[in-house]
Amino acid sequence: QVQLVESGGGLVQAGASLRLSCAASGRAFSSSSVAWFRQAPGKEREFVAAISGSGRNTNHADSVKGRFTISRDNAKNTVYLQMNSLKPEDTAVYYCAAKITSYSDTLAFGGMHYWGKGTLVTVSS
């Protein structure tokens, strides 16, 4: 069992930076691939970034590549999403999700087992 709690959201101006955190409880965290998703008002949820349990493999959506960076600290049971050069179109509720994987280098993009409740990021122009 893994429980996830996101934090770090807020209201910022375009061009600013934020760092989201996803704190996890549960012994399976280091065996889990973790991903960030977001959902803007009136839109479907979309994939943002993923990281393998080992932290060696990552993947970022084209829309955030070069601006956002996913990382993790397994000693702290935490995954981060560093968001730079924020744009108004990044406004959304950001969710972290975890999927227990058999191999520590596996990336999960869907079929997640556990979800957090989300943190709101608002970027003003």
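Our structure is the block above this text.
Residues numbered from 1 in each chain as written. Predicted model: local features only at pLDDT ≥ 70, side-chain atom pairs only at ≥ 80, totals over all residues. Heavy atoms only, no water.

## Notes on the state of the cysteines
Part 1 of the reasoning: A complete count under the given rule lists 1 disulfide for this structure.
Part 2 of the reasoning: Residue pairing for Cys22: its cysteine sulfur links by disulfide to Cys96, the two sulfurs lying 2.1 Å apart. Measuring the twist about the S-S bond at about 65 degrees, one finds the Cys22-Cys96 disulfide to be right-handed. Linking Cys22 in strand 3 (residues 18-25) with Cys96 in strand 9 (residues 92-100), this pair joins segments that are 74 residues apart in sequence. By the burial criterion, Cys22 is buried, and Cys96 matches it. (Disulfide = S-S within 2.5 Å. Helix = DSSP H or I, 4+ residues; strand = E, 2+ residues; numbered from the N terminus. Buried < 20%, exposed > 50% of the residue type's maximum accessible area, 1.4 Å probe, protein only.)

## Remarks on unusual backbone geometry
Part 1 of the reasoning: Positive phi, normally seen in glycine, also occurs at Asn77, with a value near 55 degrees.
Part 2 of the reasoning: With respect to the helices, strands and loops of the structure, Asn77 is situated in the loop between strand 7 (68-73) and strand 8 (78-83).
Part 3 of the reasoning: Unlike most non-glycine residues, Ser85 shows phi in positive territory, near 50 degrees.
Part 4 of the reasoning: Within the element layout of this structure, Ser85 appears in the loop between strand 8 and strand 9.
Part 5 of the reasoning: The exposure class assigned to Ser85 is partly exposed, which follows from its relative accessible area of 41%.

## Description of the nonpolar core
Part 1 of the reasoning: Counting residues in hydrophobic clusters, the biggest one holds 37 residues, and the most contacted among them are Trp36, Leu81, Met83 and Tyr94.
Part 2 of the reasoning: Secondary structure elements with two or more residues in this core: strand 3, strand 4 (32-39), strand 5 (46-51), strand 7, strand 8, strand 9 and strand 11 (119-124).
Part 3 of the reasoning: Ignoring any residue separated from it by four or fewer positions in sequence, one finds Met83 in contact with Ala16, Ser17, Leu18, Leu20, Arg67, Phe68, Tyr94 and Val121. (Core = buried A, V, L, I, M, F, W, Y, C linked by side-chain atoms within 4.5 Å. Contact = heavy atoms within 4.5 Å.)

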